[in-house]
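# An overview of the molecular structure
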Amino acid sequence: MTKPHLPVHEEKKLYIPVVILILVIITICLICLTGFVWNSSREIESIGSRYTRLRELTAEIDRYDELLTMSARMATATGDTSWETSYRDAEPLFDSVIREAMKTGNEFVIHAALIKTEAAKKAMVVIEHRSFRFVREGKLRDANLLLSGKEYASYKKAAKNGLSSITQMIKKGMIQKLRQQRRLTTVAFVLQFLITLSLLVVWFITIRLRGRYDAMREEKERNFRENEERVRAILESIGEGILVVDMQDKVSHFNTLFLKMWNIPPEVIATGEKKALLTSIMDRLEDPDEFIQKSVDVFESTEIGKDIIKLKDGRFFDRLIHPWHLEGQVIGRIWAFRDVTIRKKLEIQLFESESLLRETQKIAKVGGWSYDIPSGISTFTEGVYQICGVKSPTPIEWATYYGPKERSLISASVAKTMETGEPFDLELKFITAQGENRWGNTQGRAIIENGKIIKVIGNLIDITEKKEAELEIRNKHEELRELNASKDKLFSIIAHDLRSPFNSLLGFSEILADPSEKLTMEEMRKFAGNIHILLRNQFELLQNLLVWSRFQIIGIVLTPRTLNLRVLVDEMYDKLAGNFYKKQLVFTNEIAPACMVIADEDLLNSVFLNLMTNAIKFTKTGGTIRISARDIPGYKEICVRDTGIGIDPSRFPRIFRLDMVLSTPGTAGEKGTGLGLQLCKEFIEKQGGKIWVESKPGEGSAFYFTLPDDRPNEHGK
């Protein structure tokens, strides 16, 4: 439903104020023209009366002039001074008439003529006053000469001509003034008639227009009511809640669905106030502040606004705010609300599913692709971009990441699938955007619609770790095979080394045990010494074998700690001092007193024991053995150097290998186990170091090894 809505301005058209304005203007003009005609009539009468008065004044001027002249002449002719009294009485009247004439005739431009006439009259008066003085003095002859002289005659003539000129000018000016005034009066009368006629016509037109306007107004009102019904029907048929608010925050329209969606009470919507309506809406929103802010932003803009609103009851509304325009001006806003709860929840579920899929693909290193046959467009998922090391949505070209052989194989497989629909499964090497070599498994199959192959889809799986694991397994298998072979060979060598000395021991013991053998004490000591040497060598062999086998079974367990290297070497020398003494060897410990390393003490003792024992074994009587150490970055480099018989460089690769155990007699015929150097290599490498040898035959040997001088977790295992 909609709230009843009336027109704001009652369909006021421009012609109504224009007609009223025209009527007012015509009426004013008519009044002005009437006043002008009346004033013109008055002016004509005034001009006539003034003309008549001026003629009277002209006659009076002539009369007074003749009176003054006659008085002067009679006084000079008779010598009677009473004429001077008459003259004096008439003179003020003469001046008054002239002033009135000047004032009245000023309009007709006779002022100059009056001035000249008055000047001539004044000159005559002066002469006449002089004649009166001569009369009083009895000088009649002089008085007659003044009045009959040329000067007096010229002033008299000038005065006569001036009066004549004034009369002509008044007549001419009056005629012109009357003609002009009558002409203006005629024009004003004609205009008054025409304006009166126009006024009647305008009133007639106004009456007719008013009738038409009333008819149009009724038609507009009828159309408006029909439009209101139509709008009401349209609003009710729309599947959205509609609210229309004008710029004065008044509710203009709404439909029933809007009330149902927001559960608006009837008394709230009945007020028509936007504020009351917003208050009711705010109580139902999950985030009222955001709703208000977006509403303010939209009202300050002329653009269409759109957003999603979440209610406290879990519903989602899609809100559209559209400006309501009238003649290019925004006069309100139209709010449309659509319940999109189901769609929004599906979108959230879809987003969560897609996010889960993306994360799963990321963890599994799986991506998907498709090739649309009609358009020739390839599409890739985020997983493919990640596997190839490319930021989406950068275009991906297969040729960029595969070598020629792999590209040819992929192209052939895809072409075959497009032709026959047969799927393919390939494991190929590829190169990422960062230049890293990887392995990928790509599978593809055809999508068929209406019996026609329209698309090929597939996946790409990063199987690098699997391939590396397989390769590592193969390598480990090969290493295990070689190790087993080495151990088999080692065991055969050890078996030989164990069996041979025991044959000698059995032989010596058999001789000693045979009572038929008559041995001297010297021979018995010799046999006992040989037995002792054989047993000692076998004990050393067994001891090394036990250490080696224990480490093979339970592994090497390191217990690294900080050790003073010089102290450790001195302690080892004390244990071997008898061996040094027996061969008269010179031992030198060149390690600095504060030289510290981090190592397992038992393993390091075993290394020094084997290296120093070998040095004693292969150094001739009177030789020298020196042990030194120096700093290198992160390590201590230890050297055990002797002046013994040396080692052929061709034997360097074999002396540290388990499958090539060598036992070389010493300078005094000492026998070795052949396992010492192999154990040293394994013990040193387990602690993060390495071991090597430098030697020349006849020049002695130098065995080097390194140990970390810092934390074991930074330099070793």
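What comes next concerns the included structure. Quantities reported herein were computed from a predicted structural model and do not represent experimental measurements. Here the residue numbers are simple positions, counted from 1 along each chain's written sequence. In keeping with the predicted nature of the model, local features appear solely for residues at pLDDT of at least 70, side-chain atom pairs appear and are counted solely at 80 or more, and the whole-chain, interface and lining totals rest on all residues. Side-chain figures throughout are based on the complete set of non-hydrogen atoms in the structure, without hydrogens or water.

## Quick notes on the side chain of Glu240
Looking at the element boundaries, Glu240 is found in the loop between α5 (150-237) and β1 (241-246). Whenever a nitrogen or oxygen atom comes within 3.5 Å of another N or O atom, the pair is scored as a polar contact, on the condition that within protein one atom can donate a hydrogen and the other can accept it, and that pairs from neighbouring residues in sequence are kept only if both atoms are in side chains. Of the polar contacts made by the side chain of Glu240, one reaches the side chain of Arg338; its length is 2.2 Å. Excluding residues that lie within four positions of it along the chain, Glu240 makes contacts with Asn255, Leu257, Ala336, Phe337 and Arg338. Secondary structure follows DSSP: runs of H or I at least 4 residues long count as helices, runs of E at least 2 residues long count as strands, and numbering of each begins at the N terminus. Contacts between residues were defined by any pair of non-hydrogen atoms, one from each residue, lying within 4.5 Å.

## So, the sheet that holds strand β8 (residues 424-431)
Judged by pairing direction, the sheet is antiparallel, and its 5 strands sit side by side in the order β7-β6-β10-β9-β8 without closing on themselves. A single partner strand is all that each edge strand has here, and the edge strands are β7 (377-380) and β8. Averaged over neighbouring strand pairs, the angle between their axes works out to 25° when direction is ignored. When DSSP finds at least two bridges between two strands, those strands are taken to pair. Bridge analysis of strand β9 (residues 437-449) against strand β10 (residues 452-462) gives 10 bridges, and the strand direction is antiparallel. What counts as an axis is a line fitted to C-alpha atoms, over the stretch in contact for a helix, and the angles between N-to-C directions run from 0 to 180 degrees.

## What about the nonpolar core?
Within the largest apolar cluster, 38 residues are counted, with the highest numbers of intra-cluster contacts made by Leu604, Phe608, Ile627 and Phe705. In terms of residue count, the dominant contributor to this core is helix α18 (residues 601-617) (8 residues). Ignoring sequence-local partners within four residues, the contact set of Leu604 consists of Leu563, Leu565, Leu568, Val597, Ala599, Gln687, Phe705 and Leu707. In plain words, nonpolar cores are sets of buried Ala, Val, Leu, Ile, Met, Phe, Trp, Tyr and Cys residues tied together by side-chain atoms within 4.5 Å. Per-residue accessibility, obtained with a 1.4 Å probe over protein chains only, is compared with the maximum for each type, and a residue is labelled buried under 20%, exposed over 50%, and partly exposed between these values. In this structure, Phe94, Phe132, Leu146 and Tyr152 belong to the second largest nonpolar core, which totals 32 residues.

## Some thoughts on the packing of aromatic side chains
Note on aromatic pairs: the rings of Phe, Tyr and Trp (six-membered ring only in Trp) are paired at centre separations within 6.5 Å, and the planes decide the class, stacked below 30 degrees, edge-to-face beyond 60, tilted for the rest. Following the criterion strictly, the structure yields 11 aromatic pairs and no others. Between Tyr402 and Phe430, the aromatic rings sit 6.0 Å apart at their centres with planes inclined by 55°, giving tilted as the arrangement. Separated by 28 residues along the polypeptide, Tyr402 in the loop between α12 (398-401) and α13 (404-420) and Phe430 in strand β8 bring together distant segments of the chain. On the basis of relative accessibility, which here comes to 5%, the residue Tyr402 falls in the buried class.

## Regarding the sheet that holds strand β3 (residues 305-310)
The strand order across the open sheet formed by 5 strands is β2-β1-β5-β4-β3, and the pairing between neighbours is antiparallel. Edge positions in the sheet fall to β2 (251-254) and β3, since each has one partner strand and no second. Neighbour-to-neighbour, the strand axes of this sheet turn through a mean angle of 20°, independent of strand direction. As defined by bridge partners, β1 adjoins β2 across 3 bridges and the pair is classed as antiparallel. When the sheet's bridge partners are listed, Val245 is paired in β2 with Val251.

## As for the pairing of β10
Bridging between strand β6 (residues 366-372) and β10 involves 7 bridges; their strand directions are antiparallel. The residue bridging Tyr371 from the neighbouring strand is Val456, located in β10. Between β9 and the antiparallel strand that follows it, β10, lie 2 residues; Asn450 among them carries a positive phi value of about 55°.

## What to know about the side chain of Thr442
Position of Thr442 relative to the elements: it lies in strand β9. Its relative accessible area of 4% is what places Thr442 among the buried residues. At 3.4 Å, the side chain of Thr442 and the side chain of Trp369 are in polar contact.

## Here's the deal with helix α4 (residues 140-148)
Of the positions making up α4, those classed as buried are Ala143, Leu146 and Leu147. Viewed end-on, α4 has its buried residues packed into an arc of 90°, placing them on one side of the element. Exposed side chains of α4 directed beyond 90 degrees from the buried face belong to Arg141 and Ser148. Of all possible arcs, the one meant is that of the directions from the helix axis to the C-beta atoms.

## Observations concerning the environment of Gly646
Position of Gly646 relative to the elements: it lies in the loop between β15 (635-642) and α19 (652-655). Separated by 55 residues in sequence, Gly646 and Ser701 have C-alpha atoms that sit 5.1 Å apart. In contact with Gly646, not counting residues within four places along its chain, are Ser695, Lys696, Pro697, Gly698, Gly700 and Ser701.

## Topic: the pattern of salt bridges
What makes a salt bridge here is a side-chain nitrogen of Lys or Arg within 4 Å of a carboxyl oxygen of Asp or Glu, nothing more. Following the criterion strictly, the structure yields 15 salt bridges and no others. In this structure, the salt-bridge partner of Arg222 is Glu219, at a minimum N-O distance of 1.6 Å. Here Arg222 and its partner Glu219 are both found in helix α5, 3 residues apart, which amounts to about one turn of the helix. For Glu219, a relative accessible area of 33% translates into the label partly exposed. Notably, a salt bridge pairs Glu422 with Lys416, separated by 3.5 Å at the nearest N-O pair. Exposure remark for Glu422: the relative accessible area of 39% places this residue in the partly exposed category. Its relative accessible area of 43% is what places Lys416 among the partly exposed residues. Among the ionic contacts, a cluster of salt bridges with common partners joins Glu436, Arg438 and Asp462.

## Notes on the pairing of strand β12 (residues 586-589)
The two faces of β12 differ: Phe587 and Asn589 on one face are buried, but Val586 and Thr588 on the other face are not. Here β12 runs beside strand β14 (residues 624-632); their pairing, made up of 4 bridges, is parallel. The residue bridging Phe587 from the neighbouring strand is Ile625, located in β14.

## Examining the environment of Leu558
Among the secondary structure elements, Leu558 is positioned in the loop between α15 (521-554) and β11 (560-564). Using a relative accessible area of 24% as the deciding quantity, one classes Leu558 as partly exposed.

## A short note on helix α20 (residues 676-686)
Within α20, burial applies to Gly676, Leu677, Gln678, Leu679, Cys680, Phe683 and Ile684. Directly after α20, the chain includes Gly688, whose backbone phi takes a positive value near 90°.

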